[in-house]
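Residue-level structural notes
The lines below spell out each chain.
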Amino acid sequence: ESVVINKFITLEGAGPDKTTIYNNSGMAVRIGSSASVNAEVRGFTITGMTYGVYVGDTSANSTAIIRNNYIVGCGSTGIAVANYENSTIINNVIAYNNSHGVTIGYHGSLAIFNNIIAFNNGWGVLDATTTSYNNVSDNASGNFNITKGQGDISLNPKFVAAAAGNYQLASD
């Protein structure tokens, strides 16, 4: 099922290990297509579709927050932000997507921090302006096509059992 958010709302799952949004075509979650949207998406595994989360086509008064999700195994890009003014991408695992982890088109204020962005078949982060304290690692085209932000690292995150959907970090 596809979820379209075009109003002021928080969409909250019970946690990425318990709640999954799966769509076998198109976008799993689309934020936008409205004059003013303030939306937060948190606590899901989002998987199996073209885009995991697409944020775009809204006004300067709009805000999108994407936090505490596993965005994995998408047919194209994990998160795509296009023509959106105020977005925050925080504390997500964005991994094993068929193209990029995060791609950015036109935007106003965008913050990408405290995420693990790894093992994507394209860039980890493509065309972002502000990144900090992310682990962006092992992406096929490269980790960043921009200068790394403060505290950004590129180390294998060593997931416990990614193939089984466990994206917790293994202890050494």
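Above this note sits the structure.
The notes below deal with the structure included here. (Residues numbered from 1 in each chain as written. Predicted model: local features only at pLDDT ≥ 70, side-chain atom pairs only at ≥ 80, totals over all residues. Heavy atoms only, no water.)

With that out of the way, let us pick up the sheet that holds strand β3 (residues 20-22). Here we have 6 strands laid out as an open sheet, ordered β3-β6-β9-β12-β15-β18, and parallel in their pairing. Edge positions in the sheet fall to β3 and β18 (135-137), since each of these pairs with one other strand and no more. Within this sheet the neighbouring strands show an average axis-to-axis angle of 10°, counted without direction. (Pairing = 2+ DSSP bridges. Helix = DSSP H or I, 4+ residues; strand = E, 2+ residues; numbered from the N terminus. Axes fitted to C-alpha atoms, helices over the stretch in contact; angles between N-to-C directions.)

Glancing now at the packing of aromatic side chains. Taken as a whole and judged by the stated rule, the model has 7 aromatic pairs. Ring centres 5.1 Å apart and planes at 15° place the aromatic pair Tyr96 and Phe119 in the stacked group. In this pair, Tyr96 is assigned in the loop between β12 (93-95) and β13 (102-104) and Phe119 in the loop between β15 (116-118) and β16 (123-126), connecting sequence segments 23 residues apart. Looking at Tyr96, the relative accessible area reads 37%, which means it is partly exposed. With 6.4 Å between their ring centres and 50° between their planes, Tyr96 and Phe159 make a pair best called tilted. Within this pair, whereas Tyr96 is found in the loop between β12 and β13, its partner Phe159 is found in strand β20 (residues 159-161), the two being separated by 63 residues in sequence. Phe159 sits in the buried class, given a relative accessible area of 12%. Following the ring pairs from residue to residue traces out a cluster consisting of Tyr70, Tyr96, Phe119, Phe159 and Tyr167. (Phe/Tyr/Trp six-rings, centres within 6.5 Å; stacked < 30°, edge-to-face > 60°. Buried < 20%, exposed > 50% of the residue type's maximum accessible area, 1.4 Å probe, protein only.)

Moving on: the environment of Val3. Position of Val3 among the secondary structure elements: in strand β1 (residues 3-5). Note on Val3: relative accessible area 23%, which makes it partly exposed. As a C-alpha pair, Val3 and Asn92 span 89 residues in sequence and 19 Å in three-dimensional space. In this structure, Val3 is in contact with Leu11, Ile21, Ala28, Val29 and Arg30, ignoring residues within four places of it in sequence. (Contact = heavy atoms within 4.5 Å.)

A few words on the pattern of salt bridges. Summed over all chains, the structure comprises 4 salt bridges. Its salt-bridge partner being Glu12, residue Arg42 comes within 3.0 Å of it at the nearest N-O pair. Taken as a pair, Arg42 in strand β5 (residues 38-42) and Glu12 in strand β2 (residues 9-12) lie far apart in primary sequence, 30 residues in all. The exposed category is assigned to Glu12, whose relative accessible area is 52%. Asp17 serves as the salt-bridge partner of Lys18, at 3.8 Å between the closest nitrogen and oxygen. Overall, the relative accessible area of 62% leaves Lys18 in the exposed class. One connected set of salt bridges, linked through shared partners, spans Glu12, Glu40, Arg42 and Arg67. (Salt bridge = Lys/Arg side-chain N within 4 Å of Asp/Glu carboxyl O.)

Purely geometric numbers; function is a separate question.
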